[in-house]
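Single-letter residue listing:
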Amino acid sequence: MHEVTIAGRTVPYRLVRNARSRHVRITFTPDGLRVSAPTRLSDREIRRAVQSKERWLLRHEALLHPQVPEPLIDGQMLPFLDGAVELGIRHSTRGSVRLRPDDARMAVAAPDADAVRPLVERGYRGAARDWFALMCDRHAHRMGVTYASIGIRDPRTRWGSCSARGALSFSWRLMMAPARVAEYVVVHEMAHLTHLDHSTAFWDLVQHFSPDFARDRFWLRDHGDWLSRAPGNTPPPPLD
Ligand SMILES: [Zn+2]
């Protein structure tokens, strides 16, 4: 395996030499970075060529860290808003999930180990549908706005969105963030129902309905990477 340093971080890549290739080509594969280069170039020249693509590589940062999902195990605690739920796994040929936040339990019945994570995600998605419906109702009333629909998704780069037609969408992963952070995202998207931009007027509106929003934005900036991989073995950041 070859390595290159991008923004202070060591990134491994697989090097494939090709007599017919004329340029250094970088591609992302499920296993990570792949570099194909002409046979005539030295390792050093190739590394320099990869290095020169630093800006481009940084834009694909998420792809530089292919998600290696950590196994979820019976009895493990999963983050859930300001608390946690205990994951219970039992074997069953038919997969199912039941999330009961009041009992602090998520019960998964799975045919095999690989089926656990998608079922856990399904549990979070179900909870997110209920929670965001409640929160959107509450904040729409408070902010005097109306929305068309609520969708639960898993966008790679943002936690929520609002379309010009008033369709709101939220990442189910926010169910693993502190409630105030998830609520800030609701207020943020609802403010877009009035201002479809990030103008000063937009931020004034957010500030009015979510006075401590800066702290929540910082949380997402600092812990977004954790959130996009959770749940796993890394414990959630402490609540302040
Ligand atoms: Zn926005």
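The following refers to the structure shown. (Residues numbered from 1 in each chain as written. Predicted model: local features only at pLDDT ≥ 70, side-chain atom pairs only at ≥ 80, totals over all residues. Heavy atoms only, no water.)

**Description of the side chain of Gln-76**
In step 1: By the secondary structure assignment, Gln-76 is in the loop between α3 (61-64) and β5 (77-80).
In step 2: Gln-76 sits in the buried class, given a relative accessible area of 10%.
In step 3: Side-chain polar atoms of Gln-76 contact the backbone oxygen of Gly-232, separated by 3.1 Å.
In step 4: In contact with Gln-76, other than residues within four places in its own chain, are Pro-71, Val-85, Glu-86, Leu-87, Gly-232 and Asn-233. (Helix = DSSP H or I, 4+ residues; strand = E, 2+ residues; numbered from the N terminus. Buried < 20%, exposed > 50% of the residue type's maximum accessible area, 1.4 Å probe, protein only. Polar contact = N/O pair within 3.5 Å; in protein donor to acceptor, adjacent residues only side chain to side chain. Contact = heavy atoms within 4.5 Å.)

**Comments concerning the sheet that holds strand β6 (residues 83-91)**
In step 1: Here we have 4 strands laid out as an open sheet, ordered β5-β6-β8-β7, and mixed in their pairing. Of all strands in the sheet, those with a lone pairing partner are β5 and β7 (96-100), marking the two edges. Pairs of neighbouring strands in the sheet enclose a mean axial angle of 25°, with direction left out of account.
In step 2: The pairing of β5 with β6 spans 4 bridges and is antiparallel. In the strand pairing of β6, Pro-79 is matched with Ala-84.
In step 3: Across the sheet, helix α4 (residues 116-143) lies against β5, β6, β7 and β8 (105-110), angled at about 140° from β8, the strand it touches most. (Pairing = 2+ DSSP bridges. Axes fitted to C-alpha atoms, helices over the stretch in contact; angles between N-to-C directions.)

**Quick notes on the environment of Gly-32**
In step 1: Mapping Gly-32 onto the fold places it in strand β4 (residues 32-38).
In step 2: For the pair Gly-32 and Pro-12, spaced 20 residues apart in the sequence, the C-alpha separation amounts to 7.8 Å.

**Quick notes on the coordination of the zinc ion**
In step 1: Around the zinc ion, the donor atoms from the protein are His-188 (NE2), His-192 (NE2) and His-198 (NE2), and they sit 2.0 Å away.
In step 2: One chain supplies every donor to the zinc ion, and in sequence these donors are spaced H-x3-H-x5-H. Linking His-188 in helix α5 (residues 179-191) with His-198 in the loop between α5 and α6 (200-209), this pair joins segments that are 10 residues apart in sequence. (Donors = N, O, S within 2.8 Å, 3.2 Å for Na, K, Ca; no water.)

**So, the pairing of β7**
In step 1: Relative to β8, β7 is paired through 5 bridges, and the arrangement is antiparallel. Following the sheet pairing, Leu-99 is matched in β8 by Met-106.
In step 2: Hairpin connection, β7 to β8: the antiparallel pair is bridged by 4 residues, and Ala-104 has positive phi, about 55°.

**Looking at the packing of α4 against α5**
In step 1: Between α4 and α5, the shortest axis-to-axis distance is 10 Å and the interhelical angle comes to 55°. Viewed along their axes, α4 and α5 adopt a mutual orientation that is oblique. Crossing geometry of α4 relative to α5 is assigned as right-handed. Along the contact surface, α4 presents Trp-131, Phe-132, Met-135, Cys-136, Arg-138, His-139, Ala-140, Arg-142 and Met-143, while α5 presents Ala-179, Ala-182, Glu-183, Val-186, Val-187, Met-190 and Ala-191.
In step 2: Per-class residue counts for the contact of α4 with α5 are 12 nonpolar, 1 polar and 3 charged. (Parallel < 35°, antiparallel > 145°, perpendicular 65-115°, else oblique. Left-handed = near helix turned anticlockwise from the far one by under 90°. Nonpolar A, V, L, I, M, F, W, Y, C, P; charged D, E, K, R; others polar.)

**Section: the pattern of salt bridges**
In step 1: If you walk through the whole model with that rule in mind, you get 8 salt bridges.
In step 2: Between Asp-216 and Arg-215 there is a salt bridge whose closest N-O contact spans 3.8 Å.
In step 3: Take Asp-216: its relative accessible area is 2%, and that puts it in the buried class.
In step 4: The partly exposed category is assigned to Arg-215, whose relative accessible area is 37%.
In step 5: Of the charged contacts, one joins Arg-221 and Asp-222 as a salt bridge, the two residues approaching to 3.1 Å between their closest N and O atoms.
In step 6: Given a relative accessible area of 59%, Arg-221 falls into the exposed group.
In step 7: Linked by salt bridges that have partners in common, Arg-180, Arg-215 and Asp-216 make up one network. (Salt bridge = Lys/Arg side-chain N within 4 Å of Asp/Glu carboxyl O.)

Keep in mind these numbers describe shape, not what the thing actually does.
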